Amino acid sequence: MSITVYGIPNCDTVKKARTWLDASGLAYTFHDYKKQGADPARIAGWIEQAGLDKVVNRAGTTYRKLDDAQKAAIADGGAPAVLAENPSVIKRPIVEHSGGLLVGFKEADWAQALL
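Residues numbered from 1 in each chain as written. Predicted model: local features only at pLDDT ≥ 70, side-chain atom pairs only at ≥ 80, totals over all residues. Heavy atoms only, no water.

Now for the pattern of salt bridges. Summed over all chains, the structure comprises 2 salt bridges. One salt bridge in this structure joins Glu96 and Arg42, with 2.7 Å as the shortest N-O distance. Of this pair, Glu96 sits in strand S3 (residues 94-97) while Arg42 is found in helix H3 (residues 40-50), placing the two residues 54 residues apart along the sequence. In this structure Arg42 comes out as partly exposed when scored by relative accessible area, which is 34%. The partner of Asp53 in a salt bridge is Arg58, and the shortest N-O contact between them spans 2.9 Å. You can call Arg58 partly exposed: its relative accessible area is 34%. (Salt bridge = Lys/Arg side-chain N within 4 Å of Asp/Glu carboxyl O. Helix = DSSP H or I, 4+ residues; strand = E, 2+ residues; numbered from the N terminus. Buried < 20%, exposed > 50% of the residue type's maximum accessible area, 1.4 Å probe, protein only.)

This next bit is on the nonpolar core. Among the nonpolar cores identified, the biggest contains 21 residues, and Tyr33, Ile43, Trp46, Leu83, Ile90 and Ile94 are the most heavily contacted of them. At the level of elements, H3, helix H6 (68-85) and strand S4 (100-103) are the ones that each hand at least two residues to this core. By residue number, the principal contributor to this core is H6, which donates 5 residues. Those residues in contact with Ile94 that sit more than four places away from it in its chain are Thr4, Val5, Tyr6, Tyr33, Trp46, Val55, Leu101, Leu102 and Val103. With 14 residues, the next largest nonpolar core counts Cys11, Val14, Trp20 and Leu102 among its residues. (Core = buried A, V, L, I, M, F, W, Y, C linked by side-chain atoms within 4.5 Å. Contact = heavy atoms within 4.5 Å.)

This is how it looks when you write it as structure tokens:
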């Protein structure tokens, strides 16, 4: 199974997820938004698959710092571009695997999907 984890390495939730993957013996590729960027087309696919509310992290400080025009763009279909410019607004981690997509880290959901 091919597993790609998208996130930011210093995020506590990403750290927990990567620790869980390592402890479970699952090989994965890590995509660091800070170093490798975020692709708007990929983000659009995540939104289509999981929904806007699940992909956008509205609880974080980065979202709260967005100006009103950026927040309006997220609501009006411009989310992929805004999130690509501000990857910290993407909920973390996002995992692409052969069976689908996981957003956020919930151990039970990950075990069901990946083990």
